[in-house]
Amino acid sequence: MCVDLTLFPLDTIKTRLQSQQGFHKAGGFRGIYAGVPSAAVGSFPNAAAFFVTYECTKSLLGAIGAFAAPHAAPVSHMLAASLGEIVACLIRVPTEVVKQRTQASPSSTTYNMLLATLREEGVRGLYRGYGSTVLREIPFSLVQFPLWEYLKTLWSRRQGHTLHSWQSAVCGAFAGAVAAFVTTPLDVAKTRIMLAKAQPQRAATSRWCSTTCAGPKAFQGCLQAASQGWHSSAWEVSSSWEHTKRSAALYCNIASSQMVLRVLIW
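From N to C terminus, the protein includes 13 helices and 0 strands. Tracing the protein from N to C terminus, the helices and strands come up as α-α-α-α-α-α-α-α-α-α-α-α-α. The burial tally for the protein puts 50% of its 266 residues in the buried class. Within the protein, counting contacts between residues at least 6 apart in sequence, those at least 24 apart form 78% of the total. Of the roughly 13,100 Å² of accessible surface on the protein, a fraction of 65% belongs to carbon and sulfur atoms.

This next bit is on helix α2 (residues 8–18). One turn of the α-helix equals 3.6 residues, which is why residues spaced by three or four share an orientation. The element α2 is largely enclosed, with a buried count of 10 among its 11 residues. Here α2 has its buried residues at F8, P9, D11, T12, I13, K14, T15, R16, L17 and Q18.

Okay, the pattern of salt bridges next. Applying the stated criterion to the full structure yields 14 salt bridges. With a closest N to O distance of 2.7 Å, K99 and D11 form a salt bridge. Here the residue K99 occupies a position in helix α5 (residues 73–104), and D11 occupies one in helix α2, the gap between them amounting to 88 residues. Judged by its relative accessible area of 7%, K99 falls in the buried class. The exposure class of D11 is buried, given its relative accessible area of 7%.

So, on to helix α6 (residues 110–121). For α6, with 12 residues, the first-to-last C-alpha span of 16 Å sits near the 16 Å given by 1.5 Å per residue. Residues of α6 that are buried include every one of T110, M113, A116, T117 and E121, and no others. Buried residues of α6 fall within an arc of 125 degrees about the axis and therefore sit on the same side. Among the exposed residues of α6, those oriented more than 90 degrees off its buried face are Y111 and R119.

Attention shifts here to the environment of R16. Topologically, R16 is positioned in helix α2. Residues R16 and R101, spaced 85 residues apart in sequence, show a C-alpha to C-alpha distance of 9.8 Å. Leaving out residues up to four positions away in the same chain, R16 has contacts with G22, F23, A26, G27, G28, F29, R30, G31, A34, Q103 and P106. Within the structure, R16 has its side chain in polar contact with the backbone oxygen of G28 (distance 2.6 Å).

What follows covers the packing of helix α8 (residues 130–159) against helix α10 (residues 184–195). Axis angle and axis distance: for two packed helices, these are the angle between their axes and the distance between the axes, and together they describe the pair. Remark: α8 packs on α10, axes separated minimally by 9 Å, with the N-to-C direction vectors making an angle of 155 degrees. The angle between α8 and α10 places the two elements in the roughly antiparallel class. Here the hand of the crossing between α8 and α10 comes out left-handed. Facing S132, T133, L135, R136 and P139 of α8, the residues of α10 in contact are L186, D187, K190, I193 and M194. For the contact of α8 with α10, the class distribution of residues is 5 nonpolar, 2 polar and 3 charged.

What counts and how
Residues numbered from 1 in each chain as written. Predicted model: local features only at pLDDT ≥ 70, side-chain atom pairs only at ≥ 80, totals over all residues. Heavy atoms only, no water. Helix = DSSP H or I, 4+ residues; strand = E, 2+ residues; numbered from the N terminus. Buried < 20%, exposed > 50% of the residue type's maximum accessible area, 1.4 Å probe, protein only. Contact = heavy atoms within 4.5 Å. Areas by Shrake-Rupley, 256 points an atom, 1.4 Å probe, with all protein chains shown as cover. Salt bridge = Lys/Arg side-chain N within 4 Å of Asp/Glu carboxyl O. Expected span 1.5 Å × (residues − 1). Arc of directions from axis to C-beta. Polar contact = N/O pair within 3.5 Å; in protein donor to acceptor, adjacent residues only side chain to side chain. Axes fitted to C-alpha atoms, helices over the stretch in contact; angles between N-to-C directions. Parallel < 35°, antiparallel > 145°, perpendicular 65-115°, else oblique. Left-handed = near helix turned anticlockwise from the far one by under 90°. Nonpolar A, V, L, I, M, F, W, Y, C, P; charged D, E, K, R; others polar.

Here it is as structure tokens:
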């Protein structure tokens, strides 16, 4: 929660940069903490759901012979992180929808935005963009966690002893920045899907976003996203559970822009 609240202004700027209406029309630098109640309410259960699922899945996979070998550690980390993101998104998406819509409409309050969403779109409106959020969070974790584990292993071998907390934080900050940069096109699509109102036609929202987010606009807010990923990861990796992580080999599965558009269209 401390991480989310501390970096909330950066998140607001990123959301407004990525919105279809543009940065200034979305509020500019006004109301930089608009939507913070939604983030505060969802932060703890969201993080708890992810890390409980992540650690349990990793432990279960480690008990299986095929995943017990050291060279299979990256695979178990990626599978555990992916399942953790799917479970966490059940809590994250509703709070994210309310938060981002409030960020793009600073004149409204979080409570009024929640009521407006339920009145106009029902409970289903709170889960607008669930699929695109999962498609963004899973690649983010696939890049961040194995890269973080690899950097820690490499640094530890070179200095000959276990890393200090600040060194793990530096590794996590770099891994988070890389993951945020790579997944920015997916993050733009997620933001615009969540901000979009219910469409009268049955056209797929993801298909609409794949056309509006193509080209240079796909990286709108990329620096803000990388900066947020850098600082957020630096705080998170210094927590106590970090010391239980096993060393891993580097695995960086970065999709090309064509593959990103195909995933969004699908």
